[in-house]
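Listed here are the chains, written in short residue letters.
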Amino acid sequence: MPELVYPPVIATAKTLFRVLDLRLRVEGGHHVPRSGGAVMASNHISYLDFIFCGFGAQQSRRLVRFMAKQEVFTNRYAGPLMRGMRHIPVDRRNGAGSYATAVSALRAGEVVGVFPEATISRSFTLKGTKSGVARMADTAGVPVLPVALWGTQRLWTKGRPKTLTRRHTPITVLIGEPLAPADFGTSGALMGELRRQLTTLIDRAQREYPDQPDGPEDTWWQPAHLGGSAPTPEQAAELDGEARPVRRPKADLVGEAER
């Protein structure tokens, strides 16, 4: 099937990147296979994350099919684009159907993009992750690529006004080495390693980020554990109406202890 929608969308995005002079740093793009299926599993801090995560696959000339909530596909503006780019709708009332569609795409050699946290993290730290990422990779027999994004929250994130015209913003995309399901034995073990890799990459992206807040009122985009005024994971859980505060596992704290 010819790609009539995705290439023009990518070209438009690249033009906007240049106009806004976004300081894009992509590292590890060579880990995305040039052929065959793979899962790109990214942290989620912005409504624009799918754009920058997908950009990370450009070196390998791959088009990423993202899993996104059904409501996006029914939007009068975004819907036609999402369907044209052959992204995968997620109907939370029929999760099995979305899962089967993603596995079929992976077996057909597609790269599927997933946000294992399932929602944007207001604390800008890694929330709880869904095990379906590891299960679909295991079922399809494809690798999982951990992806860390940083800086995208400064353009548009949950609970903050859009700043889509903000210029000169550094955006970091770090792609880790592929994790092969066969090397881990169980989906749980693979998911544990994915969390460890994501945490390490996020910590590195934060430490190496070239910008600092302009003043006390600009610390909102930095996580609390780095001295920023973003909500703590517990505060973020309350804002999201979650039944229980999110407790970060010990694996998440290793990077902090080593800094």
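Shown above is the structure to which this text applies.
Here we summarise the structure given alongside this text. (Residues numbered from 1 in each chain as written. Predicted model: local features only at pLDDT ≥ 70, side-chain atom pairs only at ≥ 80, totals over all residues. Heavy atoms only, no water.)

We now examine the overall build of the protein chain. Broken down by element type, the protein chain carries nine helices and seven strands. Computed over its C-alpha atoms, the radius of gyration of the protein chain comes to 18 Å, within 12% of the 18 Å expected for a compact globule of 259 residues. Seen through its C-alpha atoms, the protein chain measures out along the principal axes to roughly 50 × 45 × 35 Å. In the protein chain, which comprises 259 residues, the proportion classed as buried is 46%. Taking the contacts inside the protein chain whose residues are at least 6 apart along the sequence as the reference set, 73% of them involve residues at least 24 apart. Between the mean site of the 34 positive side-chain charges and the mean site of the 25 negative ones, the protein chain shows a separation of 6 Å. (Helix = DSSP H or I, 4+ residues; strand = E, 2+ residues; numbered from the N terminus. Rg over C-alpha atoms; globule rule 2.2 N^0.38 Å. Buried < 20%, exposed > 50% of the residue type's maximum accessible area, 1.4 Å probe, protein only. Contact = heavy atoms within 4.5 Å. Lys, Arg positive; Asp, Glu negative; His and termini not counted. Charge placed at Lys NZ, Arg CZ, Asp CG, Glu CD.)

Each pair of aromatic rings is reported with the distance of its centres and the angle of its planes. For the structure shown, the criterion picks out seven aromatic pairs. For the pair Phe17 and Phe55, a centre-to-centre distance of 5.5 Å together with 85 degrees between the ring planes defines the contact as edge-to-face. Here Phe55 lies in helix α2 (residues 49–55) and Phe17 lies in helix α1 (residues 6–20), a separation of 38 residues in the sequence. Given a relative accessible area of 11%, Phe17 falls into the buried group. A residue is classified by how much of its surface remains accessible, and Phe55, at 21% relative accessible area, is partly exposed. Residues Tyr47 and Trp156 carry aromatic rings whose centres are separated by 4.9 Å and whose planes lie at 50 degrees to one another, so their mutual orientation is tilted. (Phe/Tyr/Trp six-rings, centres within 6.5 Å; stacked < 30°, edge-to-face > 60°.)

Two modes of strand pairing occur in sheets, parallel and antiparallel, and in both the strands are linked by backbone hydrogen bonds. Strand order in the open sheet made by the seven strands is β1-β7-β6-β2-β5-β3-β4, with mixed pairing throughout. Of all the strands in the sheet, just β1 (23–27) and β4 (88–90) have a single pairing partner and so form its edges. Recorded for the sheet is a direction-independent mean angle of 20 degrees between the axes of neighbouring strands. In the packing of helix α6 (residues 132–140) onto the sheet, contacts are made with β2 (38–42), β3 (64–69), β5 (111–114) and β6 (144–150), and the angle to β2 comes to roughly 170 degrees. Seen against the sheet, helix α7 (residues 187–207) touches β1, β2, β6 and β7 (170–175) and runs at an angle of roughly 30 degrees to β6. (Pairing = 2+ DSSP bridges. Axes fitted to C-alpha atoms, helices over the stretch in contact; angles between N-to-C directions.)

Here we come to the pairing of β2. Where burial is concerned, most of β2 is hidden: five out of the five residues are buried. On β2, burial covers both faces: Ala38, Met40 and Ser42 on one face and Val39 and Ala41 on the other are all buried. The pairing of β2 with β5 spans four bridges and is classified as parallel. Looking across to β5, one finds that Ala38 is bridged to Val111. Pairing analysis gives four bridges linking β2 to β6, with the strands arranged parallel. Looking across to β6, one finds that Ser42 is bridged to Val147.

What follows deals with the packing of α6 against α7. Where α6 meets α7, the axes come as close as 8 Å, and the angle between the chain directions of the two elements is 120 degrees. Here α6 lies oblique to α7, going by the angle between them. For the pair α6 and α7, the crossing hand works out as right-handed. In this structure, α6 uses Val133, Ala134, Arg135 and Asp138 to contact α7, whose residues at the interface are Ser187, Leu190, Met191 and Leu194. Taken together, the residues of the contact of α6 with α7 sort by class into five nonpolar, one polar and two charged. (Parallel < 35°, antiparallel > 145°, perpendicular 65-115°, else oblique. Left-handed = near helix turned anticlockwise from the far one by under 90°. Nonpolar A, V, L, I, M, F, W, Y, C, P; charged D, E, K, R; others polar.)

One way to put it is that helix α5 (residues 95–107) packs onto α6 with a least axis distance of 9 Å and a crossing angle of 45 degrees. It follows that α5 is oblique to α6 by the angle criterion. Both α5 and α6 take part in a crossing whose hand is right-handed. Contacts between α5 and α6 pair Tyr99, Ala102, Val103, Leu106 and Arg107 from the former with Gly132, Arg135, Met136, Thr139 and Ala140 from the latter. Counted by class, the contact of α5 with α6 contains six nonpolar, two polar and two charged residues.

On the surface, a cluster of positive charge is contributed by Lys14, Arg18, Arg34 and Arg61. As for its position among the elements, Arg18 is in helix α1. (Patch = residues over 30% accessible without salt bridge, like charges linked within 9 Å, V, L, I, M, F, W, Y side chains within 5 Å. Areas by Shrake-Rupley, 256 points an atom, 1.4 Å probe, with all protein chains shown as cover. Salt bridge = Lys/Arg side-chain N within 4 Å of Asp/Glu carboxyl O.)

The next point concerns the side chain of Ser42. Mapped onto the elements of the fold, Ser42 is located in strand β2. Classification of Ser42 as buried rests on a relative accessible area of 1%. The residues contacting Ser42, other than those within four sequence positions of it, are Cys53, Val114, Phe115, Pro116, Glu117, Val147 and Leu149.

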